[in-house]
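Summary of structural features
Take a look at the letters that make up each chain.
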Amino acid sequence: MAGLAVSASPAPAPASFRPAAAASRFGPCAQVAGPAANFRTRVCGLRCLIAAKLKFRKTLKRHGWQLRRNLEVRANDKVPDWLEATPLTENIMSRDVQLAYDSGGETSNTCPDTLDSSVIEQSSMHHKLNPSETHPPVLKEDPVLFDDPPESAAPLCIAVIGATGELAKNKVFPALFALYYSGFLPQNVGIFGYSRKTLTDEDLRSMIEANLTCRVDHHENCDEKLNEFLKRTYYIDAGYDNKDGMVKLNSKMSQIEGNCAANRIFYLAVPQEALLDVALSLADSAQTMQGWNRIIIEKPFGFTGLSSHRVTQSLLSRFEEEQIYRIDHLLGKDLIENLTVLRFSNLVFEPLWSRTYIRNVQVIFSEETAAEIQGRYFGNYGIIRDIVHSHILQTIALFAMEPPVSLDGEDIRDEKVKVLRSIRQVNLEDVVLGQLKDTSVKVDRYTKSLTPTYFAAAMYIDNSRWDGVPFLIKTGIGLMENRAEIRIQFRHVPGNIYRERFGHDIDLDTNELILRDQPEEAILLKVNNKVPGLGLQLDASELNLLYRDRYNVELPDSYEHLLLDVLDGDSHLFMRSDEVAAAWNVLTPLIHEIDQNRIAPELYEAGGRGPVNAYYLAAKHGIVKIVSPDCTTRGSGGGEMHVTPKFTWQGI
């Protein structure tokens, strides 16, 4: 290309580069700049090239799979947004620009050698620039800048290990299809189901299709996208030896990928007892050597602190830490992301986030359905190992952490682990265990043991920010409703001159912030206000932001959110090895004490609020019985905050 001086020792052209074809392809850009091409022209050309390159990479990182890798911009065509380096280059580069990403990774860039004087003059007038600054950027193909194609251009293979299980059928494959339909998976993606059952590709596709819907907002071309997705799914019969099975999987993936660099994701939807055999066989026989490999592991992460440590050491003997993604689908909820957004992006809340203003914090997670819980699973692990170890403690860590230096996953995980290490050892007298009554055949065998299905505890974080603030956690199954929320009660106003205006219950003047994911997404803030009319009587009401009113969008499933994070390499919602160990250090002494003393859980009725002792536990730690306005009344403000002063009792 013209405009940049030819280097004395140019880099050798790749094998696939043909000079004859290149000459005809690049046309006038093949000329070498003459003496008339001044220094400013060359700098402008280089700057345009770098700006276009950086913007292209940034767009690929954000929307990568949605961009076409083979794109031609011919004369009189509009230049794509990502190629607009500056307003000036909008006209300069729109004539003969061609960008190609073929399967071999070759990238070419062209730019016109000359422009009509009329075009230059019009550009000068339009942008009000000095004519001397309007020289067209004359670019030379730079093998250094364009030697490595963006990472997103590489083929991607996703293997679902345990493809015939309920998790894979009902959650993983539908989430992958939703990402594919929305353009977040590359066109050259391959989806592989891996299982011991004797099936064919068509059998797998029929099984997947039975659970797929175009539930996303735009339902265009649903059947077409569905057929494309199914054509890219393949089945691997693993047999009874995972080593041989992984060799088959690697061979099939290699056929799809070809000879170019490729990336691989392995979703291990397998029981804990099969985890290490699958993971180690995968490490030895199924990893790609020309791209990155990432493995996704389902909770629970071990049975005790010791067993978890052994699993972690085995995994780290074959994988790097950044390759391991320990997934908990509950952490993919918008409630979790709102924790940090609400705190760190709103000045009104950030100064209040400490023991100085916060009286207590409650983390509540309950499920009303118990019949779908498998007895074998809960008989082995129970709610402490399943829900508390990962979801509850991770929620507390994200809530209570110090501001990270950036949004990088490692920076956030550094702060989370500090919180987990600061949690005080939980005393047995600060714990309530519950178990669902076995009143029907549907609620089955796990209720014959001492395995708890309900857990409540008061935890304390011994650091300068949270010293003395109780964190009350309550979680259980078979309760009256599905509820997932965080409730922050603030302290009383010192010397409140309106105290007598609240009636006999002085706790009514307590401000409260509620972050809710279920039964419906909302952010609620309880404030004190004057009751309309004569006299001065105060009441507590809610400022209510309901997502259903404010945002007319369908919220993605949590698996979609987390799988997209894995694709992007964003690890902040996934537990690192030291986080897993720190969480076990909190729970292991408590679990041992429960097992050694054979603590019998308190029975509770299905569809109720849970064990009565949970209320006594809250009162013991100064947490008043929560009174909150009834937010079932909807306003007409289209999602704007509105007051609903009716009261009902809440809690589980």
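See the structure shown above.
Okay, so let's go over this structure. The model shown is predicted, which means the values in this text are computed figures rather than measured ones.

Further remarks concern the sheet that holds strand 4 (residues 156–161). Spatial ordering of the open sheet is given by 6-5-4-7-8-9, a layout of six strands whose pairing is parallel. This sheet does not close on itself; its edge strands, each paired only once, are strand 6 (233–237) and strand 9 (324–327). Across the sheet, the mean angle from the axis of one strand to that of its neighbour is 20°, orientation sign disregarded. Two elements, strand 5 (residues 189–195) and strand 6, share five bridges in a ladder whose sense is parallel. Bridging from a neighbouring strand, Gly-193 pairs with Tyr-235 of strand 6. Strand contacts of helix 5 (residues 166–181): strand 4, strand 5, strand 7 (263–268) and strand 8 (293–298), with the helix running at about 165° to strand 4, the strand carrying the most contacts. Running at roughly 150° to strand 8, helix 16 (residues 558–568) makes contact with strand 4, strand 7, strand 8 and strand 9 of the sheet.

Along the chain, Ala-600 falls in the loop between helix 17 (577–597) and strand 18 (602–604). The exposed category is assigned to Ala-600, whose relative accessible area is 57%. Distance from Ala-600 to Gly-434, taken between C-alpha atoms, is 8.3 Å for residues 166 residues apart in sequence.

Glancing now at the nonpolar core. By size, the foremost hydrophobic cluster in this structure holds 124 residues, and its most contacted members are Phe-173, Leu-249, Phe-399 and Phe-455. Counting the residues that make up this core, at least three belong to each of domain 1 (156–298) and domain 2 (331–555 + 576–621). The residues touching Phe-455, leaving out its near neighbours within four places in the chain, are Ile-383, Ile-384, Val-388, Val-431, Val-432, Leu-433, Ile-473, Lys-474, Thr-475 and Leu-590. With twelve residues, the next largest nonpolar core counts Leu-436, Tyr-454, Ala-456 and Ile-623 among its residues.

So, how was this worked out
Residues numbered from 1 in each chain as written. Predicted model: local features only at pLDDT ≥ 70, side-chain atom pairs only at ≥ 80, totals over all residues. Heavy atoms only, no water. Pairing = 2+ DSSP bridges. Helix = DSSP H or I, 4+ residues; strand = E, 2+ residues; numbered from the N terminus. Axes fitted to C-alpha atoms, helices over the stretch in contact; angles between N-to-C directions. Contact = heavy atoms within 4.5 Å. Buried < 20%, exposed > 50% of the residue type's maximum accessible area, 1.4 Å probe, protein only. Core = buried A, V, L, I, M, F, W, Y, C linked by side-chain atoms within 4.5 Å. Domains from an automatic or database assignment.

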